[in-house]
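Fold and contact review
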Amino acid sequence: MRILIIDDMHESITPLLEELSFQVDYRPDIKRPEIEEIVAGYEGLIIRSKTPMDRPLLEKASKLKFIGRAGAGLDKIDLDYIEEHDIKLFHAPEGNRDAVGEHAIGMLLALFNHIGKADKEVRKGIWDREGNRGEELKGKTVGVFGYGNMGSTFAKKLKGFEVSVLAYDKYKENYGDEYATVASFEEIQEKADVLSIHVPLTPETRNFFTLEVLMGFKKPFYLINTARGEVISFDTLNKALSNGQLKGALLDVLENEKLKTLTAEQKLSFEELCERENVLFSPHIAGWTFQSYEKINQVLVGKIHEAFPLK
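Okay, so let's go over this structure. Residue positions are given per chain, counting from 1 as you read along its sequence in written order. Restriction of local features to residues with pLDDT of at least 70 applies here, the model being predicted, together with a cutoff of 80 or more for giving and counting side-chain atom pairs; totals for whole chains, interfaces and linings are based on all residues. Excluding hydrogens and water, the side-chain values take into account all heavy atoms of the structure.

**Observations regarding the overall build of the protein chain**
To keep it simple, the criterion reads: Strands here are runs of E lasting at least two residues and helices are runs of H or I lasting at least four, both read from the DSSP assignment and numbered beginning at the N terminus. We compute the radius of gyration from the C-alpha atoms alone; for a globule the expected value is 2.2 Å times N to the 0.38, where N is the number of residues. Accessibility here uses a 1.4 Å probe with only protein chains present; expressed as a share of the type maximum, an area under 20% marks a residue as buried, one over 50% as exposed, and anything in between as partly exposed. Throughout, a residue-residue contact means that at least one pair of heavy atoms, one from each residue, lies within 4.5 Å. What sets the accessible areas is the Shrake-Rupley method with a 1.4 Å probe; for residues, cover comes only from the shown protein chains. Note on charges: Lys and Arg go in the positive column, Asp and Glu in the negative column, and His and the chain ends are not counted at all. A charge is said to be at NZ when it belongs to Lys, at CZ for Arg, at CG for Asp and at CD for Glu.
Along the protein chain, the regular secondary structure elements total 12 helices and 12 strands. Over its C-alpha atoms the protein chain spans a radius of gyration of 21 Å, differing by no more than 12% from the 19 Å that the globule rule assigns to 311 residues. Expressed as a percentage of the 311 residues in the protein chain, the buried residues total 47%. Contacts spanning at least 24 positions in sequence make up 61% of the contacts within the protein chain whose residues lie at least 6 apart. If you sum the accessible surface of the protein chain, you get close to 16000 Å²; carbon and sulfur atoms cover 50% of it. In the protein chain, the 41 positive side-chain charges and the 51 negative ones have mean positions that sit 2 Å from each other.

**Brief notes about the nonpolar core**
The following threshold applies: Side-chain atoms within 4.5 Å link the members of a nonpolar core, which is a set of buried Ala, Val, Leu, Ile, Met, Phe, Trp, Tyr and Cys residues.
With 30 residues, the main nonpolar core has Leu-195, Ile-197, Phe-209, Leu-223, Leu-237 and Leu-246 as its most contacted residues. When residues of this core are traced back to their parent elements, those giving at least two are helix 8 (185–191), strand 9 (194–197), helix 9 (211–215), strand 10 (221–225), helix 10 (234–242), strand 11 (246–251) and helix 11 (264–274). Ranked by the residues each element gives to this core, the list is headed by helix 10, at 4 residues. In this view, Leu-237 contacts Leu-223, Ile-232, Leu-246, Ala-249, Leu-251 and Leu-273; residues no more than four positions away in its chain are not counted.

**Side note on the environment of Gly-134**
Tracing the backbone shows Gly-134 in the loop between helix 6 (115–123) and strand 6 (141–145). When its relative accessible area of 42% is taken as the criterion, Gly-134 is described as partly exposed. Here the alpha-carbon distance between Gly-134 and Ala-61, two residues 73 residues apart in the chain, equals 55 Å.

**A look at the pattern of salt bridges**
Selection rule: Any carboxyl oxygen of Asp or Glu that lies within 4 Å of a side-chain nitrogen of Lys or Arg is treated as forming a salt bridge with it.
Inspection of the entire model under this criterion finds 20 salt bridges. For Arg-228, the salt bridge identified is with Asp-75, shortest N-O distance 3.0 Å. Note that Arg-228 is positioned in the loop between strand 10 and helix 10 and Asp-75 in the loop between strand 4 (66–69) and helix 4 (79–84), a separation of 153 residues in sequence. The salt bridge involving Arg-133 is made with Glu-130; its shortest N-O contact spans 2.7 Å. Summarising the burial analysis for this pair, Arg-133 and Glu-130 share the class exposed.

**Thoughts on the sheet that holds strand 5 (residues 88–91)**
In plain terms, the rule: Between any two strands, at least two bridges found by DSSP are needed for them to pair. Between N-to-C directions, angles cover 0 to 180 degrees, with each direction set by a line fitted to C-alpha atoms, over the stretch in contact for helices.
With parallel pairing, 5 strands are arranged side by side in an open sheet as 2-1-3-4-5. At either margin of the open sheet sits one strand with a lone partner, and together these are strand 2 (23–26) and strand 5. Between one strand and the next, the sheet's axes are offset by a mean angle of 20°, whatever the strand orientation. Inspection of the sheet shows strand 4 paired to strand 5 by 4 bridges, in the parallel sense. Looking across to strand 5, one finds that Ile-67 is bridged to Leu-89. Most of the contacts of helix 12 (residues 290–307) go to strand 5, to which it runs at about 155°, and overall it touches strand 3 (44–47), strand 4 and strand 5.

**Focus on the side chain of Asp-7**
Spelled out, the test is: Between N or O atoms, a polar contact is any pair within 3.5 Å; within protein, one atom must be a potential hydrogen donor and the other a potential acceptor, and residues adjacent in sequence are included only when both atoms are from side chains.
By the element assignment, Asp-7 lies in the loop between strand 1 (2–5) and helix 1 (13–18). The buried charged residue Asp-7 lacks any salt bridge partner; its closest oppositely charged side chain belongs to Lys-50, at an N-O distance of 4.2 Å. Reaching out from Asp-7, the side chain makes a polar contact with the backbone nitrogen of Arg-48 at a distance of 2.8 Å.

**Observations regarding helix 5 (residues 93–112)**
Operational definition: Every helix has an expected span of 1.5 Å times one less than the residues it contains.
Between its first and last C-alpha atoms helix 5 spans 28 Å; for 20 residues at 1.5 Å apiece the expected length is 28 Å, and the two agree. Taking burial as the measure, the 20 residues of helix 5 include 14 buried ones, the bulk of the element. Positive backbone phi, approximately 55°, marks His-114, located one or two places after helix 5.

In structure tokens, the structure reads:
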């Protein structure tokens, strides 16, 4: 079984697959036109997010038996097509869920304790204790929107902070555990001091967090987004921050992450966000650690081998 890898992967991917008798072509620099030319010769594709797996490309993959997504998000894959053609799909959220959970907490603690601001000030010789007085996480209610791999791991990592965690997941049943209590979205809107988003990008979740939804929260709250930026727009964030409904925003993902392609309107909104001290950014790295880079391979290869046990 031949596998084409079209994105950068941790160096362990090829030996892991070859040890199980797969034939591997590692082509991380390949461009879409060449992928379309050669993809018919492969039974497997391993991808990240560089090249959309859309119908025009997949129609050329006549032998394709599976796609392996090295990561969690599936929004760039034509799920209808692969289901129609019985192409298996594997992804590896188990590989980077710990990284995402740690990153979300790290951003929250950094904002609560003014770490970025305080560091810049001290480097400039400013010793302002009162202006950097912090906020404690203990005693707060944290809402988790989506309780899959990422949401549940985030809740687990909050355990030592003595917070109340309420979890909402529309597509799960009986998912309460020792780390979170099942709640309706309305309950989270009533009680949350912090909301952390952990849902995939789908037609349902795209722009789900409108200003109307945010204003439905009974008290001002902090927002964490390590999921997909398209669930909330720059404009909505700015409006909610300006009117005080959002006390702060922690954004690992953005509505448009290709910053050189921002529309004029997006550019203005993004620049407005950048001026706010209660907004922290990171460049979509929540799940991007040295450890997760390798663990994703292990998870993905394990799932492929289970479905196609050549050895």
